[in-house]
Amino acid sequence: MVDSLGYRMKFAVVAPSTNTSVQPEYDDLRPRGVTNHFSRIAIPDTKVTDDESFMVMLNNIREATFDAVDVSMSMDPGCVIMGMSAETFWDGAEGADRLHKRMLERTGGVPVIMGSTAVDEAIKAYETTTGPIRKLGILTPYAPVGDANVKKFFEDQGYDVVHIEGLKSPSPMMIAHEDKQKLKRTAIAVSEGVDAIIQCGTNLAFAEVAAMAEFWLEKPVIAINTATYWHALRSMGINHQMDGFGRLMAEF
């Protein structure tokens, strides 16, 4: 017997309660027979004005993440997706590996997909047609301390971060209020002299913007929500392709 709606895959998605972008973007990417089941990391919408207040927000997420994971496991998912970004980059590649191992322990071995490593896999997929991608332009909603950890992760993986632009969004919920024009301008600002553009921060509604920017800029533009969901599908053997979300979903 299989789930009547999620007969191909049931994804458990763990995301902050303040995040209003990751769920609709994942649902837009969802193929028939795959279902997304969200478990919310309960956090307050704290104001973020500097690195110190950014760390308060991040620690709120850290303290509540595993409770949300435990709740998500009650529906017997085939895979767990971390629908949050900053923590998956923290302390670079070593920190990402450490978090992944902790998550697998918590899920009892159920596969776990994280944004940081999913973006790295997306870059590798593009390289099969573009050739080597080494120079990156990155945009985030973060304060400088968050950007520094994103930069460290990609440098640990062997990339050269040429530009990184943090929007310094004023609270975790307000990240979703950054409009498409601002995101477009930021993508253009980090595009000069790079092989690919990367967006971090799952509450930035960037999936649609990335697809348009990729067409006009004529280089890979990778939205973290698209990359994470794509990697989850491919890791579970689901080769669903679709238009409207850039080459990653359409070709790889």
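Residues numbered from 1 in each chain as written. Predicted model: local features only at pLDDT ≥ 70, side-chain atom pairs only at ≥ 80, totals over all residues. Heavy atoms only, no water.

Asker: How should I be thinking about the sheet that holds strand 2 (residues 34-41) in this particular structure?
Answerer: Backbone-to-backbone hydrogen bonds pair the strands of a sheet. The strands run either parallel or antiparallel. With respect to topology, four strands assemble into an open sheet ordered 2-1-3-4, the strand pairing being parallel. At either end of the open sheet lies a strand with only one pairing partner, and these are strand 2 and strand 4 (112-113). With two bridges joining them, strand 3 (residues 79-82) and strand 4 adopt parallel strand pairing. Within strand 4, the residue paired with Ile 81 across the bridge is Ile 113. Along the sheet, helix 1 (residues 22-29) makes contact with strand 1 (9-16), strand 2 and strand 3, crossing strand 2 at roughly 170 degrees. (Pairing = 2+ DSSP bridges. Helix = DSSP H or I, 4+ residues; strand = E, 2+ residues; numbered from the N terminus. Contact = heavy atoms within 4.5 Å. Axes fitted to C-alpha atoms, helices over the stretch in contact; angles between N-to-C directions.)

Asker: How should I be thinking about the sheet that holds strand 8 (residues 221-223) in this particular structure?
Answerer: The four strands lie next to each other as 6-5-7-8, forming an open sheet whose pairing is parallel. One side of each edge strand has no neighbouring strand; the edge strands of this open sheet are strand 6 (160-166) and strand 8. Between one strand axis and the next, the sheet turns through 20 degrees on average, direction left out of account. One ladder, built from four bridges, connects strand 5 (residues 135-140) with strand 7 (residues 196-199); its direction is parallel. When the bridges of strand 7 are listed, Leu 139 appears paired with Gln 199. Sheet strands touched by helix 6 (residues 144-156): strand 5, strand 6 and strand 7. Its angle to strand 6, the strand with the most contacts, is close to 160 degrees. In the packing of helix 8 (residues 207-217) onto the sheet, contacts are made with strand 7 and strand 8, and the angle to strand 8 comes to roughly 175 degrees.

Asker: What is the right way to read the pairing of strand 2 from this model?
Answerer: The two faces of a sheet get side chains in turn, since along a regular strand they alternate between them. With eight bridges connecting them, strand 1 and strand 2 associate as parallel partners. Bridge assignment links Phe 11 to a residue of strand 2, and that residue is Asn 36. This β-α-β element, strand 1 to helix 1 to strand 2, shows right-handed connectivity. (Right-handed = clockwise from strand over helix to strand, strands pointing away.)

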